[in-house]
Structures are given as C-alpha cells and as structure tokens.
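# Survey of secondary and tertiary structure
For reference, the chains in residue letters:
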Amino acid sequence: SGSAQPYSSYWHWSRAPPSCPASRLLADHRQNVMPDKMGEVVVCASCPEAHQKEVEAICLARGLHKAFDRAGGMVSKLSGSSAEWLGKWEAKVVMATVTAARMSGARQAKLVCIGGGKFCDLEMAQQPRLVKLIKNEMKDANFFVKVEWMEMRQFLREYTSGPPARNSAGQRAPGAGA
C-alpha cells in the first residue's frame, strides 16, 4: 500500500525530469520568453499613481515584472491603514520576485522603485526587510537582491531605449511597438 507523502514534499512540474513535456516547456519559457541578463529578473515594485498606466505598458513591452498596485487595485481595496497596506505591498513584491526568479532560473533580482508615490517613504524604509523576506522565501542567503530607487525620467531613460522584449515565437512583446 502506498502512503501519501506530506504536502511539503509534493511533486511540482518545475522539478520534472528533462524528458518530461512540462520540463521542456519550462526550459523554453526560461530561454525564449524571459531572457534575463546575467540571470537577473527585474521587478517594478513601486510607482506613483500618476505614472502607473505608462509604467505598466513599459513593463509589458520590456518583459519587466510588475508588482506595484494600481490606484484602486487589489492591495488598496483590501487595506485600511498605511501599516496594513504596507504588509500587503511587501507580500505582493516578494511573491512577484520569487515567482519570476524561480520561473526564469535567475540568481538575482533587481527591484525598481519609482519615487514620488503616496507611500514612497514607507516603502523606502522597508528596503532591508523586503530584501530579507525575498532571500528567506527563496531559501537562499546568496540570492542577490538589489533595490534601485529612481525618478520617472530615469526609468524612462533606462527602460524605453534598446530593443523590446520578444516572446517565444521571436515576435515583439505586446505593446512593444513596430
């Protein structure tokens, strides 16, 4: 009789042997859909309301991962005080970063934060805690996390020049232009 394994050791498709179709799909996804420089994922973690639509479009076009909450979005709807909001924001950033890193096989992450938002000072103060939470969730003390705060004009300069991201068919990502 086969005994059930505890939930913590369940099989997951990301640990499939190389011959498994799921493993080949993951490898294709890592190589073609999410090309990363030096094994790095980039997560846009914070953005002022005034720039969210534009930054969201750039993230989509450039293959950046978006973890900031839209004005009136899920985190803001579920939160009351700024302390409640901050915890939910942290959880969203940690999960977006860890998921992106695991899916791409990245060994480091860069969190891009665009200054000027309502909770910008609170988010900045949480930077050491956020890095620690990501490392803990990754279960890797050597996982490198860089948090970079910048103004919107710097974000535009860094993330709107050069070739746009391409999908697995070699086509430009949606919203990437001609």
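Residues numbered from 1 in each chain as written. Predicted model: local features only at pLDDT ≥ 70, side-chain atom pairs only at ≥ 80, totals over all residues. Heavy atoms only, no water.

### Notes on the pattern of salt bridges
In this structure the tally under the stated criterion is 5 salt bridges. With its nearest N and O atoms 2.8 Å apart, the salt bridge here joins D140 to R107. Of the two residues, D140 is situated in the loop between helix 6 (127-138) and strand 4 (144-150) and R107 in the loop between helix 4 (82-104) and strand 3 (108-114); the sequence distance between them amounts to 33 residues. Taking the relative accessible area as the measure of exposure, D140 reaches 16% and is therefore buried. As a salt-bridge pair, K110 and E148 come within 3.5 Å of each other at their nearest N and O atoms. (Salt bridge = Lys/Arg side-chain N within 4 Å of Asp/Glu carboxyl O. Helix = DSSP H or I, 4+ residues; strand = E, 2+ residues; numbered from the N terminus. Buried < 20%, exposed > 50% of the residue type's maximum accessible area, 1.4 Å probe, protein only.)

### Some remarks on helix 7 (residues 152-159)
For helix 7, the complete set of buried residues consists of M152, F155 and Y159. Each buried residue of helix 7 lies within a common arc of 55° when the element is viewed along its axis, so the set occupies one face. In helix 7, the exposed residues that point more than 90 degrees away from the buried face are R153 and R157. Looking at the packing, one finds that the buried side of helix 7 touches strand 1 (40-46), helix 2 (52-62), strand 3 and strand 4. (Arc of directions from axis to C-beta. Contact = heavy atoms within 4.5 Å.)

### Considering the confidence of the model for the protein
Looking at the protein, pLDDT values average 76 and 61% of them are 70 or higher. A low-confidence stretch, residues 3-14 (pLDDT under 50), is modelled with 6 contacts involving residues beyond four sequence positions or located in other chains. Within the model, pLDDT remains below 50 along residues 28-36, and this stretch shows 19 contacts once partners closer than five positions in the same chain are excluded. (pLDDT = per-residue confidence, 0-100.)

### Considerations on the state of the cysteines
Overall, the coordinates contain 0 disulfides when judged by the stated rule. We note that C120 lacks a disulfide partner, and the nearest cysteine sulfur, in C113, lies 7.8 Å from it. (Disulfide = S-S within 2.5 Å.)

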